[in-house]
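Residue-level structure breakdown
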Amino acid sequence: MNTSIKIIEEINRLKKEKDAIILAHNYQIGEVQDIADYVGDSLGLSIKASEVNNKVIVFCGVRFMAETAKILNPLKTVLLPDKSAGCPMADMITARDVIELKEKHPGAIVVCYVNSTAEVKANVDICCTSANAVQVVNSLPKDKEIIFIPDKHLGSYVESQTGRKMILWNGYCPTHAFIDAKSVIKMKKEHPEAEVLVHPECNSEVIKTADQVLSTGGMLEYARQSSAREFIIGTEIGIIYRLKKQNPGKIFYPANNNIICPNMKLINLEKIMWSLEDNVYEINLPGNIIKKARLSLERMKEFV
Ligand code: SF4
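Below: a short report on this structure. (Residues numbered from 1 in each chain as written. Predicted model: local features only at pLDDT ≥ 70, side-chain atom pairs only at ≥ 80, totals over all residues. Heavy atoms only, no water.)

1. Here's the deal with unusual backbone geometry
Note the cis peptide between Ile149 and Pro150, where omega equals -20°. Here Pro150 shows up in the loop between β7 (146–149) and α8 (152–162). Following Val280, the chain continues into Tyr281 via a peptide bond in cis, with omega recorded as -15°. On the secondary structure map, Tyr281 appears in the loop between α13 (269–278) and α14 (287–301). Phi is positive for Asp19, which is not a glycine, with a value near 55°. When you line up the elements, Asp19 lands in the loop between α1 (3–18) and β1 (20–25). Residue classification places Asp19 among the partly exposed positions, given a relative accessible area of 30%. Backbone geometry places Asn279, a non-glycine residue, at a positive phi of 55°. Residue Asn279 is classed as partly exposed on the basis of its relative accessible area of 37%. (Helix = DSSP H or I, 4+ residues; strand = E, 2+ residues; numbered from the N terminus. Buried < 20%, exposed > 50% of the residue type's maximum accessible area, 1.4 Å probe, protein only.)

2. Observations regarding the packing of aromatic side chains
Any two aromatic rings considered together are summarised by their centre-to-centre distance and by the angle between their planes. Scanning all chains against the criterion turns up one aromatic pair. Ring centres of Phe231 and Phe252 lie 5.2 Å apart, and the angle between their planes is 15°; on these two criteria the pair is classed as stacked. Here the residue Phe231 occupies a position in strand β11 (residues 230–234), and Phe252 occupies one in strand β12 (residues 251–254), the gap between them amounting to 21 residues. We classify Phe231 as buried; its relative accessible area is 0%. (Phe/Tyr/Trp six-rings, centres within 6.5 Å; stacked < 30°, edge-to-face > 60°.)

3. Some points on the site of the ligand
Contacts to the ligand come from Tyr27, Val62, Cys87, Pro88, Asn115, Cys173, Glu201, Cys261 and Met264. In terms of residue class, the shell around the ligand is built from seven nonpolar, one polar and one charged. (Near = heavy atom within 4 Å. Nonpolar A, V, L, I, M, F, W, Y, C, P; charged D, E, K, R; others polar.)

4. Some words on the sheet that holds strand β2 (residues 38–40)
Within the open sheet, the four strands sit side by side as β2-β1-β3-β4. Their pairing is parallel. Each edge of the sheet is formed by a strand with only one pairing partner; in this case those strands are β2 and β4 (77–79). Neighbour-to-neighbour, the strand axes of this sheet turn through a mean angle of 20°, independent of strand direction. Examined bridge by bridge, strand β3 (residues 56–60) and β4 share three bridges and lie parallel to one another. Looking at β4, one finds that Val56 is bridged to Thr77. (Pairing = 2+ DSSP bridges. Axes fitted to C-alpha atoms, helices over the stretch in contact; angles between N-to-C directions.)

5. Considerations on helix α3 (residues 42–51)
Ser42, Leu43, Gly44, Leu45, Ser46 and Ala49 are the residues of α3 that are buried. Buried residues belonging to α3 abut β1, β2, β3, α4 (63–72) and α14. (Contact = heavy atoms within 4.5 Å.)

6. Quick look at the packing of α3 against α4
Interhelical geometry of α3 versus α4 gives an angle of 35° and a closest axis separation of 8 Å. Considering only the axes of α3 and α4, their crossing is right-handed. Of α4, the residues touching α3 (which contributes Ser42, Ser46, Ala49 and Ser50) are Met65, Thr68, Ala69 and Leu72. Of the residues assigned to the contact of α3 with α4, the class counts are four nonpolar, four polar and no charged. (Left-handed = near helix turned anticlockwise from the far one by under 90°.)

7. Overview of the environment of Pro286
For Pro286, the location among the structural elements is in the loop between α13 and α14. Sequence spacing of Pro286 and Ile71 is 215 residues, and the spatial spacing of their C-alpha atoms is 10.0 Å.

8. Brief notes about the state of the cysteines
Enumeration according to the criterion identifies zero disulfides in this entry. Not engaged in a disulfide, the cysteine Cys60 finds its nearest cysteine sulfur in Cys261; these two sulfurs lie 14 Å apart. Taking the relative accessible area as the measure of exposure, Cys261 reaches 13% and is therefore buried. (Disulfide = S-S within 2.5 Å.)

Structure, rendered in structure tokens:
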């Protein structure tokens, strides 16, 4: 029996023993997606995490996602198999920054992309994901200023779709920054039949080249029902694994081969097994942070 099969068997045994469920983001490596009980984007994972009845959630993603699972289901044990799996965008703003922004713009509503720390979420009015950011902003009173944190690219895309001018924080995703408009235009020439699907974390020049601007969950749904046979994909390349698996007759080209989030690639089968064996690395958050952050996440869940 080869090592991977042994590890998979051990993970399945430990899952039963510990009453655990494995949740994985669409950017995880293929073998992690394959062993997960549920694979999805941030919105889908948040909903799933809040509904889980198992005692233990093994979260294969980055820290802010595991924190979100803990906030939405605080009585569960939430494990992140690699403690260094962080998100540089989430670290671009602190709770202190949010407090200062609110002091500078009293009365403004703070909308926060879920790619943020629990402490930041505890200081905002409402969260959003890339799948529902436009709906969230459209729902806000027209006479109120809006602060949008931390992703300036998602914020500027939301501005273009809602017509609302917002105060944007200067955060961004370093992985999506690898996608440039020139390369996408060149690829379109090479594959004229392909539809271009890009994530709203891309810059506005890339977004202009797109046929569709979608969350990763949106891309999966769109590719499934589209009559197109070829697609150029402008997001982290982990999604291509799932796109290919779900659409065996279709072709998916990454917008370039460098769109790899190193943090999303830290988790593998061995680390999931060790995580279940040793109960590591448990996400623990102060009760007051959970209570406050939960409010902003629960408000977001109305926009599913
Ligand atoms: S892809 Fe970007 S936003 Fe997502 S976890 Fe990696 S660095 Fe953060």
